[in-house]
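# Close look at the chain arrangement
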Amino acid sequence: MQRKNIEFRSNNHRLIGFITYPNKLPAPGVITFHGGTNTKDVCPCFPQVPDALVENGYINMRFDFYGSGESDGLFQDKTNAELLQNMKDAINFFAKDKNVTKFGITARSQSGIQQAYLYDKRIVCRVVQSPAIGVRSEERRVGKECRSRG
């Protein structure tokens, strides 16, 4: 296993993270998005899930969203639009890695919601862990709003 520290830009902010490579390259990859109140280092199932991916032959990328961990910004300045753009820019950064043959994403909590708004034909697989809302409660709320609009 080899770990490489990374830095990329998103909305003109510096985002910090790392990519961990398995011994055999090239390989498929997974970008692991942490929850809204977490960091790339401190999040439920981190580092267990990302480490297991690498041990099983996948490249893994983790980074701190804007306002988290080592990345630029303050927590209170995070917005859904900012997080979604961070995800898009992370995907563009990861897709340029010549060792990555194809990739999927895994998202936790708030990121689980954000990834639902993210369309990118390069993503071959998605895993959502503990999304921040209950789908049924949102369906009821949205359903009522749609019915009231006629």
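Everything discussed here concerns the structure shown above.
Residues numbered from 1 in each chain as written. Predicted model: local features only at pLDDT ≥ 70, side-chain atom pairs only at ≥ 80, totals over all residues. Heavy atoms only, no water.

### Brief notes about the pattern of salt bridges
In this structure the tally under the stated criterion is 6 salt bridges. Notably, a salt bridge pairs E70 with K40, separated by 2.5 Å at the nearest N-O pair. One end of the pair, E70, is in the loop between β4 (59–63) and α2 (80–95); the other, K40, is in the loop between β3 (27–33) and α1 (48–55), with 30 residues separating them in the sequence. By relative accessible area, E70 is classed as partly exposed at 48%. A relative accessible area of 2% means that K40 is categorised as buried. A single salt-bridge network, built from bridges that share partners, covers K40, D41, D64 and E70. (Salt bridge = Lys/Arg side-chain N within 4 Å of Asp/Glu carboxyl O. Helix = DSSP H or I, 4+ residues; strand = E, 2+ residues; numbered from the N terminus. Buried < 20%, exposed > 50% of the residue type's maximum accessible area, 1.4 Å probe, protein only.)

### Observations regarding the pairing of strand β1 (residues 2–10)
Where β1 and strand β2 (residues 13–21) come together, 9 bridges link them in antiparallel fashion. Counted as the bridge partner of R9 is R14 from β2. Two successive antiparallel strands, β1 and β2, enclose a turn made up of 2 residues, where N11 displays a positive phi of approximately 50°. (Pairing = 2+ DSSP bridges.)

These values are about where atoms sit, not about what they do.
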